[in-house]
Amino acid sequence: MAHVIAIAGKGGVGKTTLGGLLIQTMCREGKRPILAVDADANSNLNEVLGVDVEMTLGDVRETVLHDADKLNKNIPSGMTKADYTEMMLQRCLAEDDDFDLLVMGRSQGQGCYCYVNGLLQAQLAKLIPNYKYVVVDNEAGMEHISRGILPKVDTMLLISDCSRRGVQATERIAGLVEECHLNPKTIGLIVNRAPNGQLNAGTKEEIEKSGLQLLGVVPQDEQVYEYDCEGRPTSSLPEDSLVRMALEEILKKINLT
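Caption draft 1: Main features of the overall build of the protein chain. Secondary structure summary: the protein chain contains 11 helices and eight strands in total. The buried share among the 257 residues of the protein chain stands at 52%. Of the contacts formed within the protein chain by residues at least 6 apart in sequence, a portion of 78% connects residues at least 24 apart. Carbon together with sulfur atoms contributes 45% to the accessible area of the protein chain, which is approximately 12300 Å² in total. The positive charge centre, built from 26 side chains, and the negative charge centre, built from 37, are 3 Å apart in the protein chain.

Here it is in structure tokens:
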């Protein structure tokens, strides 16, 4: 069974950026094959990794539930609807040289995400045994954890910014992980975007209060902002990037490189 790494935290703290760099670093260190999973409806892990995605699970959901005419028209003669749906699901897996990427994607307009969550859960159950490592970039908050989307978690990386609220959010997620009996072998906090790589007294106090293990601090890096503005994949940051170097040290600490 694959080693499953889940990345969680509140919105806007840099989960996807760090997740993309984590995947790239692990690939470079020979930790593969890797299945990268963008489990956020507002998906952009592919942009961080510089990968084109042909189809998402959300696209499949829309075709199956809301475009029956198109679906029936596209089904080849002699193929069942179930087989054609399975073929579409296989197209959701984008293959790169070092990793494969599965993107949840969003539903169009109004509607519940239960169907897409169900597709994600079913696909993960089928795919995970084929990989040595699985890295899951979860949506902001705790829904995927509470829904039991992941069959297990070996390493849980809780990402926060430098704020007390960010740390408090990771503390609540850690509590939910315990309630759901996921029992990861490693669970810890990474504080991202710290000015000059330093934490102020208030943030340190909140971390100590939370009881979370602080795995490391990633400094604020203007290069990340510049790459994002230019539409360049964050995974193409230079080797001397402050973010890249800090993250690599954290990954060494938890034996992921």
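Caption draft 2: Structural view of the side chain of Thr25. Mapped onto the secondary structure, Thr25 falls in helix α1 (residues 15–28). Residue classification places Thr25 among the buried residues on the basis of a relative accessible area of 2%. The contact partners of Thr25, leaving out residues within four places of it in the chain, are Arg244, Glu248, Leu251 and Thr257.

Caption draft 3: Highlighting the packing of aromatic side chains. The tally for this structure, following the rule as stated, stands at zero aromatic pairs. Over the aromatic face of Tyr227 sits the side chain of Arg232, whose NZ or CZ is 4.0 Å from the ring centroid.

Caption draft 4: Broad picture of the sheet that holds strand β3 (residues 93–95). An order of β3-β4-β2-β5-β1-β6-β7-β8 is seen for the eight strands of this open sheet, with the pairing classed as mixed. Edge positions in the open sheet fall to β3 and β8 (214–219), since each of these has one partner strand only. Along the sheet, successive strands turn relative to each other by an average axial angle of 20°, direction set aside. Pairing of strand β7 (residues 186–194) with β8, which is carried by four bridges, proceeds in the parallel orientation. Residue pairing in the sheet places Leu189 in a bridge with Leu214 of β8.

Caption draft 5: Highlighting the environment of Lys132. Along the chain, Lys132 turns up in the loop between α6 (114–127) and β5 (133–138). Sequence spacing of Lys132 and Val4 is 128 residues, and the spatial spacing of their C-alpha atoms is 8.7 Å. Non-local contacts of Lys132, meaning those with residues more than four positions away in its chain, are made with Ala2, His3, Arg32 and Pro33.

Caption draft 6: Quick peek at the pattern of salt bridges. Across all of its chains, the model carries 12 salt bridges by this definition. When the shortest N-O distance is used, the salt bridge between Lys10 and Asp161 registers 3.9 Å. In this pair, Lys10 sits in the loop between β1 (3–8) and α1 while Asp161 sits in the loop between β6 (155–160) and α8 (164–179), placing the two residues 151 residues apart along the sequence. On the basis of relative accessible area, Lys10 is assigned to the partly exposed category, the value being 27%. We note a salt bridge from Arg28 to Glu239, for which the minimum N-O separation is 3.0 Å. Of this pair, Arg28 sits in helix α1 while Glu239 sits in the loop between α10 (222–230) and α11 (242–253), and the two are 211 residues apart along the sequence. Within the structure, one salt-bridge network assembled from shared partners comprises Arg28, Glu239 and Glu248.

Caption draft 7: Inspection of α10 at higher detail. Between a side-chain oxygen at the N-terminus of α10 and the backbone nitrogen of Gln223 the separation is 2.9 Å; the capping residue is Asp221. Where α10 ends, the next residue or the one after it, Gly231, has phi of about 75°, a positive value.

Caption draft 8: Main features of α1. A rise of 1.5 Å per residue sets the reference length of α1, with its 14 residues, at 20 Å; its end C-alpha atoms lie 20 Å apart and thus fit the reference within 8%. Within α1, the full set of buried residues consists of Lys15, Thr16, Thr17, Leu18, Gly19, Gly20, Leu21, Leu22, Ile23, Thr25, Met26 and Cys27. Gly30, located one to two residues past α1, shows a positive phi value of around 85°.

The rules behind each value
- Residues numbered from 1 in each chain as written.
- Predicted model: local features only at pLDDT ≥ 70, side-chain atom pairs only at ≥ 80, totals over all residues.
- Heavy atoms only, no water.
- Helix = DSSP H or I, 4+ residues; strand = E, 2+ residues; numbered from the N terminus.
- Buried < 20%, exposed > 50% of the residue type's maximum accessible area, 1.4 Å probe, protein only.
- Contact = heavy atoms within 4.5 Å.
- Areas by Shrake-Rupley, 256 points an atom, 1.4 Å probe, with all protein chains shown as cover.
- Lys, Arg positive; Asp, Glu negative; His and termini not counted.
- Charge placed at Lys NZ, Arg CZ, Asp CG, Glu CD.
- Phe/Tyr/Trp six-rings, centres within 6.5 Å; stacked < 30°, edge-to-face > 60°.
- Lys NZ or Arg CZ within 6 Å of the ring centre and 35° of its normal.
- Pairing = 2+ DSSP bridges.
- Axes fitted to C-alpha atoms, helices over the stretch in contact; angles between N-to-C directions.
- Salt bridge = Lys/Arg side-chain N within 4 Å of Asp/Glu carboxyl O.
- Polar contact = N/O pair within 3.5 Å; in protein donor to acceptor, adjacent residues only side chain to side chain.
- Expected span 1.5 Å × (residues − 1).

So, to be careful, I would describe these as geometric facts and stop short of saying anything about function.
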